[in-house]
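# Breakdown of the fold
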Protein chains: 2
Amino acid sequence: MFAPNYRLYRCPKCGGLLEVEVSNLHWTPKGRGVWRYASMLPLKSGVSLGEGQTPLVKSVLGEGLYVKFDGANPTGSFKDRGMALGVTVARESGANKVVVASTGNTAASAAAYAARAGLRCYVVLPRGNVARGKLVQAALHGAELVMVNGYFDKALEYVVNYGTRYAYPLNSFNPWRLEGQKTLAFEVYEELGCPDYVVVPVGNAGNISAIWKGFKELASLGLCNKLPKMIGVQAEGAAPLADAWERGLEEPLFVDEPRTVASAIKIGRPINWPKALRAVRESGGFFVKVSDGEIIKAQRLLATKDGLGAEPAGAASVAAALKLGLRGTVVAVVTGHALKDPDAVEVSAREVRNADELAELLER
Amino acid sequence: MFAPNYRLYRCPKCGGLLEVEVSNLHWTPKGRGVWRYASMLPLKSGVSLGEGQTPLVKSVLGEGLYVKFDGANPTGSFKDRGMALGVTVARESGANKVVVASTGNTAASAAAYAARAGLRCYVVLPRGNVARGKLVQAALHGAELVMVNGYFDKALEYVVNYGTRYAYPLNSFNPWRLEGQKTLAFEVYEELGCPDYVVVPVGNAGNISAIWKGFKELASLGLCNKLPKMIGVQAEGAAPLADAWERGLEEPLFVDEPRTVASAIKIGRPINWPKALRAVRESGGFFVKVSDGEIIKAQRLLATKDGLGAEPAGAASVAAALKLGLRGTVVAVVTGHALKDPDAVEVSAREVRNADELAELLER
């Protein structure tokens, strides 16, 4: 246990994960963005782009199934909730630069919020095999894109070991970010009460523990009379936690070369695994794997039946909810927008030569 | 004046535009999505994906300047507000198919809402020069993409003259759609009251009249004590209304080959021009042109200073607000998300060979 300190984001003794404990929690939601829940947060105001208050849509795909569509955040993913807090803490700590290792949603969100806060943002990327589309947002928001040789792990290592000397690190080991992400639980509670299950895609494994922390805090105030079971979803080719869970192991089975179409959860060594494991255990939930085929099928069903466009990683939660056939009230968290990963969608078109042919087509 | 009829979307006598008049308006906002304002709408419930309630962000770019960021809608543009109404009306009318001519945001939104409502959706596109990225959403949501020879005008002609026999048309001549779009005014009113100016990008010219209608309805209930001046913004190469306004003409100077980087307002013959002209006149506002250079500069400023990612057409309003230097409270409507048009963004990256070089870069 340490006194609050904005420069403290990993244990100074062992390098391990830290968790923020908010004293004097109380429930007085007011206004917009994550700061609506200021009374539940470790800071009482800060940077905002109007993140959160995302749609909670009743799905037609299963009885009791709701989709929390975090693709409707300002930069198109759930990361915005955490960055509102993370960037505020960075600024309060006196930093004028932030740094993240990322190839996707984290980079876009960090770049946008850093811009808003007047901080410089450095995004460290593994050279090669980086989709241009995923960098467009970070570039637009004026982040400095830095390529390094090696895989994502190497980029993260650079950030952890070297970047933190000169810039504030906003990767998901930063516990302040998770304080923003827990607001998803508060929004679900306000609209729906406490569901029976919350199904969350698991990549670097921060979000599921953040959401669980949110529900626990609601319960500690007597607001939830039951707590949801947390279901962590991984893709078959990137399932260090689900694989370990199946075998009853206490530690993840790390994957050196993760493979899945769901790029945002294509992570073999999730840094927040101890927190995720605790969330799943404490809640009475479990980890589950879904195949790429199941993910793409769920993405398609979500788009063609519910009208919601998810990136593949975001649809993984829906894939799991459908596969498991859970009973009761189930909230599947869709973490990112389809526009984040347009290459994952097949497009085909018919041709008509004249108006008669169009009429014929429509008449069918 | 006609009795309400969901199949009535153009004047059966002259083919002209119609406007919906809602009887018994009253102000009792409640809940989420456009249906929050059911008491102000011609229908009291219907299809929703949680559209609206988009961020209203105080800009750092000008005193009194606010950005209404409609890019945070479910499909990433303001079209979702209108489609919630339009698709509901289509369903109530007994249609099982909808049709739109479009190459962009309209197609994506119609496809998503039609999917949600269980209707088939046909998107009619001019062959050639159609950006694949812009079709991905429509395809994902299961719309049937139909290519025709000719320009956008030809596609629209097909829809108007042939499509409407067999399917419900959701292009912006449909006045029911505009009823959904007017909810932007209600949201601005709830957060900010009535501003001095509302600045709106003008393509097919429906949105500016819809927003004006919303403010007028608020005033009719005694809720706004002053009405905003409506500023219509067009791109220099696609400025039929702004060009006519400059010359004091009563009708637009149609453009046969519109040219601008802002594809969503690249329209030479805006079908709703009479409504837009009336909105601007009645409000005491005006039309203004901005160059592609000004648009791209505004997009960049918005991204790097305010942290908001706009597509070029969406940034046109901010470009105009900055150029005009308006005094008082100014709301610039950003109509679509940067992710809609990623090709408009330049990406460049540095390379570092080792951790020392990264440290050096960050130390600067």
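Residues numbered from 1 in each chain as written. Chains lettered and ligands numbered in written order. Predicted model: local features only at pLDDT ≥ 70, side-chain atom pairs only at ≥ 80, totals over all residues. Heavy atoms only, no water.

- As recorded in an unreviewed UniProt entry, chain A goes by the name Threonine synthase, listed as coming from Pyrobaculum ferrireducens.
- The Cofactor (unreviewed entry) comment attached to chain A in UniProt states, word for word, "pyridoxal 5'-phosphate".
- Taken verbatim from the UniProt record of chain A, the Sequence similarities (unreviewed entry) comment is "Belongs to the threonine synthase family." (UniProt positions renumbered as here; feature names shortened; annotations may be inferred.)

## What about the pairing of strand β2 (residues 65-69) of chain B?
All names here are of chain B.
- The buried fraction of β2 amounts to five of the five residues, a majority that puts the element mostly inside the structure.
- Neither face of β2 is left uncovered, since the one carrying L65, V67 and F69 and the one carrying Y66 and K68 both have all their residues buried.
- As paired elements, strand β1 (residues 56-58) and β2 share three bridges and run antiparallel to each other. Within the sheet, the bridge partner assigned to K58 lies in β2 and is Y66.
- Count of turn residues in the β1/β2 antiparallel hairpin: six residues, of which G64 carries a positive phi of about 80°.
- Strand direction decides the pairing type here: β2 and strand β10 (residues 330-334), joined by five bridges, are parallel. In the strand pairing of β10, Y66 is matched with V331. (Buried < 20%, exposed > 50% of the residue type's maximum accessible area, 1.4 Å probe, protein only. Helix = DSSP H or I, 4+ residues; strand = E, 2+ residues; numbered from the N terminus. Pairing = 2+ DSSP bridges.)

## Observations regarding the sheet that holds strand β8 (residues 229-235) of chain A
Residues and elements named next belong to chain A.
- Ordered by their spatial adjacency, six strands build an open sheet running β1-β2-β10-β7-β8-β9, and the pairing between neighbours is mixed. In the strand order of this sheet, the two ends are held by β1 (56-58) and β9 (286-290), each with one partner. Across the sheet, the mean angle from the axis of one strand to that of its neighbour is 25°, orientation sign disregarded.
- Running at roughly 135° to strand β2 (residues 65-69), helix α6 (residues 183-192) makes contact with β1, β2 and β10 (330-334) of the sheet. (Axes fitted to C-alpha atoms, helices over the stretch in contact; angles between N-to-C directions. Contact = heavy atoms within 4.5 Å.)

## A word on the domain arrangement of chain A
Residue and element names in this part refer to chain A.
- As far as domains go, chain A holds domain 1 (56-75 + 178-344) and domain 2 (78-176).
- Look at where the C-alpha atoms of domain 1 and domain 2 centre, and you get two points 23 Å apart.
- With 23 residues of domain 1 at the contact, the number on the domain 2 side is 19 residues.
- Looking at the side of domain 1 facing domain 2, the largest losses of area belong to T75, Q181 and K340, adding up to 28% of the total buried there.
- Counting across the interface, domain 1 meets domain 2 through two salt bridges.
- At the junction of domain 1 and domain 2, the tally comes to 14 residue pairs in polar contact (both at pLDDT 80 or more).
- Listing elements by their share of the side of domain 1 that touches domain 2, those giving two or more residues are α5 (175-181) and α6.
- It is α5 that contributes the most residues to the side of domain 1 that touches domain 2, four residues altogether.
- Of the residues belonging to the side of domain 1 that touches domain 2, the class tally is five nonpolar, ten polar and eight charged. (Domains from an automatic or database assignment. Buried area = accessible area lost by both parts, 1.4 Å probe. Salt bridge = Lys/Arg side-chain N within 4 Å of Asp/Glu carboxyl O. Polar contact = N/O pair within 3.5 Å; in protein donor to acceptor, adjacent residues only side chain to side chain. Nonpolar A, V, L, I, M, F, W, Y, C, P; charged D, E, K, R; others polar.)

## Overview of helix α6 (residues 183-192) of chain B
Residue and element names in this part refer to chain B.
- Summarising burial for α6: seven of the ten residues are buried, a large majority.
- The inward-facing, buried residues of α6 abut β2, α1 (79-92), α5 (175-181), α7 (207-220) and β10.
- Where α6 terminates, the next one or two residues include G193, which has phi positive at roughly 80°.

## Things to note about the side chain of Q137 of chain A
- Mapping Q137 of chain A onto the fold places it in helix α3 (residues 132-140).
- Other than its neighbours up to four places away in sequence, Q137 of chain A contacts T75, A108 and K340 of chain A together with H337 and L339 of chain B.

## Considering the UniProt feature "binding site: pyridoxal 5'-phosphate" (unreviewed entry) in chain A
All names here are of chain A.
- Listed under "binding site: pyridoxal 5'-phosphate" (unreviewed entry) in the UniProt record, and renumbered for this structure, are N105, G203, N204, A205, G206, N207 and T335. Taken together, the annotated residues stretch across 231 residues yet fold into one region, lying no more than 14.4 Å apart by C-alpha.
- Along the chain, G203 falls in the loop between β7 (197-201) and α7 (207-220).
- For G203, the contacting residues outside a window of four places in its chain are Q234, I265, I267 and P270.
- On the basis of relative accessible area, A205 is assigned to the buried category, the value being 5%.
- Apart from the residues within four sequence positions on either side, A205 is in contact with L241, P270, N272, W273 and A276.

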